[in-house]
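Residue-level structural notes
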Amino acid sequence: MLRTSLSPIFHRCSSPIFSSSIIRHRRNYNVAAASSTATDPPMRQVDVITCAKEDHSIIRNLGEKFDKERNNHEKQKIANTFIREIAVHSHTEEMIIYPEFKILNNGENIADHSREEHREIKKDLSKLDGMKVSDIGYNELFKKIMKTFDKHAREEENEIFPKLANAIHESRRKELGRKFIITRPTVSTRPHPSAPDKPPMEIAAGLATAPIDKLRDATRDFVEINRSYTK
Ligand SMILES: [Fe+2]
Ligand SMILES: [Fe+2]
């Protein structure tokens with residue numbers, strides 16, 4: 001899907017440096033699993049809650065790697081990936097999972113609360129996105145975001161997702177998992193705290209910002225991410 005939506009932009013970028021950056025970005029982002037063609041193997045069926053929890057785990061691992069890494073260039077690559085992974089996870093969750101909360105008791109309030117927490121995380125993530133790892137205060141802001149994200153993710157994992165798992169049949173959760181996997185490569189890869197965070201307006205905002213974000217990402221380095229269901 002990303003391949004299709006960005007093809008005209010890729011074709012306009014003929015600079016060898018830019019092209020190699022785009023190739024690097026596409027490889028790191030592992031878009032192949034979500035780019036459906038007639039020759040691709042069938043997509044594995046994955047429960048949407050498994051998808052979300054694996055995202056959480058990937059983001060936590062990036063936080064731990066950032067803490068341990070001493071080389072600033074490597075640290076920046078980890079931080080770039082951390083920013084992208086939180087942005088993509090948040091946008092995808094808002095579009096695919098949070099609308100399902102309406103089935104839960106007090107579901108609208110749970111969704112509003114969750115979106116509010118995402119907004120707070122995105123505000124700080126947006127500040128981090130405008131800084132370099134060598135800047136004063138970068139490490140502290142990174143740690144603050146990691147702590148806030150972890151608290152939010154634990155609430156989802158321990159309180160909200162179990163309720164959702166009880167309320168939605170497994171077949172529906174797998175259908176949502178498929179949507180989650182297909183949607184992820186189409187959303188914005190940078191935080192946009194002021195943009196709409198509910199579909200359908202979030203979809204429209206994403207269509208406007210995602211191609212620009214992905215072009216900006218082409219000038220950045222990332223660390224490799226592997227997801228269990230894309231192997
Ligand atoms: Fe969330
Ligand atoms: Fe989440």
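Predicted model only: the values in this text are computed from it and were never measured.

Rules and cut-offs
Residues numbered from 1 in each chain as written. Chains lettered and ligands numbered in written order. Predicted model: local features only at pLDDT ≥ 70, side-chain atom pairs only at ≥ 80, totals over all residues. Helix = DSSP H or I, 4+ residues; strand = E, 2+ residues; numbered from the N terminus. Expected span 1.5 Å × (residues − 1). Bend = angle between axes of the 7 residues up to and from the residue. Buried ≥ 20, exposed ≤ 12 C-beta atoms within 10 Å, placed from the backbone. Core = buried A, V, L, I, M, F, W, Y, C linked by C-beta atoms within 7 Å. Contact = placed C-beta atoms within 7 Å. Axes fitted to C-alpha atoms, helices over the stretch in contact; angles between N-to-C directions. Parallel < 35°, antiparallel > 145°, perpendicular 65-115°, else oblique. Left-handed = near helix turned anticlockwise from the far one by under 90°. Nonpolar A, V, L, I, M, F, W, Y, C, P; charged D, E, K, R; others polar. pLDDT = per-residue confidence, 0-100.

1. Focus on helix H8 (residues 201–217)
Quick reminder: α-helices carry 3.6 residues per turn. Residues three or four places apart thus point the same way. Under the 1.5 Å per step criterion, the end-to-end length of H8 is 23 Å for 17 residues, consistent within 8% with the ideal 24 Å. For H8, the principal kink sits at threonine 209 and spans about 35 degrees; a proline, proline 211, occurs within the next four residues. Listing the buried residues of H8 in full gives Glu202, Gly206, Ala210, Asp213, Lys214 and Asp217.

2. Observations regarding the nonpolar core
Core analysis: the largest hydrophobic core is formed by 21 residues, its most contacted members being Ala79, Phe82, Ile83, Ile86, Leu125, Ile145 and Phe149. At the level of elements, helix H3 (48–68), helix H4 (72–96), helix H5 (107–129) and helix H6 (138–167) are the ones that each hand at least two residues to this core. For this core, the element with the highest residue contribution is H4, accounting for 7 residues. Look past the residues within four positions of phenylalanine 149 in its chain and what remains in contact with it is Ile59, Ile86 and Ile121. Counting residues in hydrophobic clusters, the runner-up holds 18 residues, among them Met95, Ile110, Ile160 and Ile181.

3. Remarks on unusual backbone geometry
Cis geometry marks the peptide bond from proline 199 to proline 200; its omega dihedral reads 10 degrees. Note that proline 200 resides in the loop between helix H7 (170–183) and H8. Of note, asparagine 106 is a non-glycine position whose phi angle comes to about 65 degrees, a positive value. Position of asparagine 106 relative to the elements: it lies in the loop between H4 and H5.

4. What to know about the packing of H5 against H6
Between H5 and H6, the least distance of the axes is 9 Å, while the angle of their chain directions is 160 degrees. When the interaxial angle is binned, H5 and H6 end up roughly antiparallel. Of the two possible hands of crossing, H5 and H6 adopt the one that is left-handed. Here Ile110, Glu117, Glu120, Ile121, Asp124, Leu125, Lys127 and Leu128 of H5 lie close against H6, whose contacting residues are Leu141, Phe142, Lys144, Ile145, Thr148, Phe149, His152 and Ile160. The class makeup of the residues in the contact of H5 with H6 is 9 nonpolar, 2 polar and 5 charged.

5. Focus on the confidence of the model for the protein
Of the residues in the protein, 81% have a pLDDT of 70 or more, and the chain-wide mean is 84. Taken as a whole, residues 1–41 scores under 50 in pLDDT and shows 40 contacts with residues more than four places along the chain or in a different chain.

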